[in-house]
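Now for the letters of each chain:
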Amino acid sequence: MAPSDTARRLGTRTRFSGLLAATAVGVYLLLIVGATTSLTDAAAACSTWPTCHTPIDPLSQTELAIAWGHRLAAVVVGLLVAASTVAALVLGTSTRVRFALVGALGLYVVQVAVGALTATNGPAAIVPGLHLTLGITIFSAIVLALAWDLELTTGAEDETDMLERSPEPIEGTIDDESGTSAPRTLPSSLLARTRLTAFAYFKMMKPRLMWLLCLVAAAGMALAAGPSLDAQTIVATLGGGVLAIGASGTFNHVLERDVDQRMSRTADRPLATELIPVRNAVIFGLFLTAASMTAFLTINALAAALGLAAILFYSVVYTLLLKPNTVQNTVLGGAAGALPALIGWAAVTNEIGLPALALAGVIFLWTPAHFYNLALAYQDDYARGGFPMMPVVRGETVTRKHIVYYIGATLLGTIALAWITDLGTLYAGTVVVFGGIFLWAAVQLHFEQTEAAAFRSFHASNAFLGAVLVAVLVDALVL
Ligand code: HEM
Ligand SMILES: CC(C)=CCC/C(C)=C/CC/C(C)=C/COP(=O)(O)OP(=O)(O)O
């Protein structure tokens, strides 16, 4: 094929992926608005179809606008689903992509009929949950079609060296001969040495993870308490959480000190360079554990037990058992990051509730879509460390495809969360905008297979979760 033909073909395929991604986001918009309280109230304000008549109660003007918005959006998204299906048939995509899209279009027609029946005869006229189930099936089919088409268009049989990797950024700590890190030489002044050591202890606590994990716990608390959330619970829970994360990070540094020496990203860690003796690090980790338990116990024993479970899960189950032994290490390891949602809820209610489990589910499903970007960018490093990360074991093409799968699953998780809570318009708007950016970054990563694209997708993942959690906080505490 001539170069200009290849470029034209790639341009067409990029546009098709863009169309599929836009269609997926459109269906997601309909689903999330349908699952939030916004549409639940709006549906009651409008009992005619296909147009909506003015309600009797003037107070329900907003609901009327939402109901109209839902119907107009359904028309536009229906056109997108139809356009994607026709494009798939014309472009000659794979059989499974065509099958998924034709199925989605067929179900969309059924969905419109179910919507009309609900509007005219009331929700009792259909099987409970049918409208939502059909919507979820349509969304899943479109995300699968997107992932499969991207795999076909941008994937490679030969998986070696597709990322443009930077030369080893070892920052002067790796011994060139052995490939392992050399002990660090300390500055001669006492003040400089003390500052360096204090900063090293601080870094062992993995402070960069804390803001997002604290937001998870805060969202758990806000969902449980609503506007009546008190300052003492917030301070004790977040304080205990920060100390627990610090303890987990410290134990992780202790247990991975040998392997950290072999990886350029981690070779300058304080235990890898022997700046901090192992014994001192263990004592520091135990101190942080005790301090965090003390903080949690000022609230209740369940919060403390969950905090201890999180420390043990991350340090022992994830770091020692899962990370070196299975390609599903970071999928299962996501449970550690999900536990703060339960801790936050338990701090307020002294039990584990369904909304907290749904929030934890969102974090659990988000984690692979967050981490696989880094696994792609650092895959040489992980291979050197001997870790069976997804790109190392199954290749880059499969890893990129799984990022799209997990974004789809995360978005479904946000719908479940909306379904079982009172979250409303702000939450719906935020998940759609940031979910769209997240999905778009992952599509870009397929076409532009560079470290820069992997980091963009990684940052989009953090921005997505951060924004969604802030929206949950504001929605639950203020609106
Ligand atoms: C198995 C699960 C996870 C793995 C393997 C993982 C891995 C990583 C790694 C290796 C980094 C460092 C990136 C770098 O060196 O440039 C990182 C950064 C980060 N992770 Fe994760 N992560 C996981 C789960 C989580 C969870 C559950 C959260 C929070 C809910 C989280 C939040 C963050 C944040 C906020 C950063 C820092 C971003 C920045 O500095 O810009 N991670 N993650
Ligand atoms: C409340 C509480 C105690 C929560 C703990 C949860 C926690 C610390 C989650 C972090 C998630 C995680 C697995 C990060 C990467 O570890 P990694 O070991 O793969 O990263 P590394 O290679 O940089 O060491």
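The numbering scheme is per chain: residues are counted from 1 as the chain's sequence reads. Here chains are named by letter from A upward and ligands by number from 1 upward, in the order in which they appear as written. Local features are withheld for residues below a pLDDT of 70 in this predicted model, meaning they are given only at 70 or higher, and side-chain atom pairs are given and counted only at 80 or more; totals for whole chains, interfaces and linings count all residues. To get the side-chain values, take all heavy atoms of the structure and skip hydrogens and water.

By the naming in an unreviewed UniProt entry, the protein chain is Protoheme IX farnesyltransferase, taken from Natronoglomus mannanivorans. UniProt positions are given in the numbering used here, feature names are shortened, and annotations may be inferred rather than shown by experiment. In its Pathway (unreviewed entry) section, the UniProt entry covering the protein chain states "Porphyrin-containing compound metabolism; heme O biosynthesis; heme O from protoheme: step 1/1." Of the protein chain, the UniProt comment under Subcellular location (unreviewed entry) reads exactly: "Cell membrane".

A.B. asks: So what exactly am I meant to see when it comes to the coordination of the iron atom of ligand 1 here?
C.D. replies: For a metal bound by four donors in tetrahedral geometry, the ideal donor-metal-donor angle is 109.5 degrees, whereas six donors in octahedral geometry ideally sit at 90 or 180 degrees. Coordination of the iron atom of ligand 1 by the protein involves just one donor, His370 (NE2), at a distance of 2.3 Å. Note on conventions: DSSP H or I runs of at least 4 residues are helices, E runs of at least 2 residues are strands, and numbering of each starts at the N terminus. When you line up the elements, His370 lands in helix α13 (residues 354-377). Metal donors: N, O and S atoms at distances within 2.8 Å, or within 3.2 Å for Na, K and Ca, with water omitted from the atom set so that some sites may seem incomplete.

A.B. asks: Would you take a moment to explain the site of ligand 1 for this structure?
C.D. replies: In these notes, residues near a molecule or strand are those with any non-hydrogen atom within 4 Å of it. The environment of ligand 1 is made up of 20 residues, and the closest members are Arg208, Leu209, Thr367, His370 and Tyr378. For this analysis, a polar contact is any N or O atom pair within 3.5 Å, provided that within protein one partner can donate a hydrogen and the other can accept it, and provided that sequence-adjacent residues contribute only side-chain to side-chain pairs. Note that an oxygen atom of ligand 1 is positioned 2.8 Å from one of the side-chain N or O atoms of Arg208. Mapped by element, the contributors of at least two residues to the shell around ligand 1 are α7 (210-225), α12 (329-349), α13 and α18 (451-477). Residue contributions to the shell around ligand 1 peak at 5 residues, all from α13. Classifying every residue of the shell around ligand 1 gives 12 nonpolar, 6 polar and 2 charged. Under the scheme applied, nonpolar residues are Ala, Val, Leu, Ile, Met, Phe, Trp, Tyr, Cys and Pro; charged residues are Asp, Glu, Lys and Arg; polar residues are all the others, including Gly.

A.B. asks: I tried to follow the nonpolar core on my own but got confused; where do I start?
C.D. replies: Considering soluble globular proteins, one finds that nonpolar side chains tend to be buried as a cluster. Of all hydrophobic cores here, the largest spans 126 residues; its most connected members are Ile32, Ile142 and Tyr427. With 14 residues, the single largest contributor to this core is α13. Where each domain starts and ends comes from a domain assignment, either automatic or drawn from a database. A domain-level breakdown of this core finds at least three residues from each of domain 1 (3-154) and domain 2 (197-477). Those residues in contact with Ile32, other than ones at most four positions away along the chain, are Thr414, Ile415, Ala418, Tyr427, Ala428, Val431 and Val432. To qualify as a nonpolar core, a set must consist of buried Ala, Val, Leu, Ile, Met, Phe, Trp, Tyr and Cys residues joined through side-chain atoms within 4.5 Å. Only protein chains enter the area calculation, which uses a 1.4 Å probe; residues under 20% of their type maximum are buried, those over 50% are exposed, and those in between are partly exposed. Working rule for contacts: check all heavy atoms of both residues, and any pair within 4.5 Å makes them a contact.

A.B. asks: When you look at helix α11 (residues 301-322) in this model, what are you seeing that I'm missing?
C.D. replies: Along an α-helix, a turn takes 3.6 residues, which lines up residues three or four apart on a common side. One fitted axis covers the seven residues ending at a residue, a second covers the seven starting there, and the bend at that residue is the angle between these axes. The largest bend along α11 reaches roughly 35° and is located at Phe313. Three or more residues of α11 are buried, namely Ala303, Ala304, Leu306, Gly307, Ala310, Ile311, Tyr314, Ser315, Tyr318, Thr319 and Leu322. One side-chain oxygen at the N-terminal end of α11 lies 3.2 Å from the backbone nitrogen of Leu302; it belongs to Asn300.

A.B. asks: I tried to follow the domain arrangement of the protein chain on my own but got confused; where do I start?
C.D. replies: Size of an interface, as often reported, equals the accessible area lost when the parts are brought together. Annotation of the protein chain at the domain level lists domain 1 (3-154) and domain 2 (197-477). For domain 1 versus domain 2, the distance between C-alpha centres works out to 31 Å. Domain 1 puts 30 residues into the contact, and the matching count from domain 2 is 27 residues. Both sides together, the interface formed by domain 1 and domain 2 hides about 2400 Å², and carbon and sulfur atoms give 80% of it. Among the salt bridges present, the one from Glu151 reaches Lys401, with a minimum N-O distance of 3.2 Å. In this structure, the connection of domain 1 to domain 2 is made through 4 residue pairs in polar contact (both at pLDDT 80 or more). Per element, the largest residue contribution to the side of domain 1 that touches domain 2 is 14 residues, and it comes from helix α1 (residues 3-35). When two components associate, each loses some accessible surface as probed by a 1.4 Å sphere; the sum of these losses over both components is called the buried area. Here, a salt bridge means any Lys or Arg side-chain nitrogen found within 4 Å of an Asp or Glu carboxyl oxygen.

A.B. asks: Teacher, can you tell me more about the confidence of the model for the protein chain here?
C.D. replies: Low-confidence regions, as indicated by low pLDDT, have predicted coordinates that should not be scrutinised in detail. By definition, pLDDT measures how confident the predictor is in each residue, and it falls between 0 and 100. When pLDDT is averaged along the protein chain, the result is 89, and 89% of the positions lie at 70 or above. Low pLDDT (under 50) marks residues 160-179, which in the prediction has 41 contacts with non-local residues, meaning those over four places away or in another chain. Our summary of model confidence lists the complex with pTM equal to 0.91 and ipTM equal to 0.93.

A.B. asks: What am I meant to see in the environment of Gly92 here?
C.D. replies: With respect to the helices, strands and loops of the structure, Gly92 is situated in the loop between α3 (61-91) and α4 (95-121). Accessibility expressed as a relative area gives 46% for Gly92, which makes it partly exposed. The spacing of Gly92 and Val143 is 51 residues in sequence and 18 Å in space, taken between C-alpha atoms.

A.B. asks: Sorry if this is basic, but what is going on with the packing of aromatic side chains here?
C.D. replies: Remark: the centre distance and the inter-plane angle together describe each pair of aromatic rings, the angle taken between the planes. Two aromatic rings from Phe, Tyr or Trp, using only the six-membered ring of Trp, form a pair when their centres are within 6.5 Å; if the ring planes differ by under 30 degrees the pair is stacked, by over 60 it is edge-to-face, and anything between is tilted. Throughout the structure, instances matching the rule amount to 9 aromatic pairs. Judged by centre distance (6.2 Å) and plane angle (70°), the rings of Tyr382 and Phe387 are edge-to-face. Residue class for Phe387 comes out buried when judged on its relative accessible area of 6%. Three or more aromatic residues link up through ring pairs in this structure, and these residues are Phe371, Tyr382 and Phe387. Whether a charge sits over a ring comes down to the Lys NZ or Arg CZ being within 6 Å of the ring centre and within 35 degrees of the ring normal. Geometry around Tyr378 places Arg265 over its ring, the cationic atom sitting 5.2 Å from the centre.

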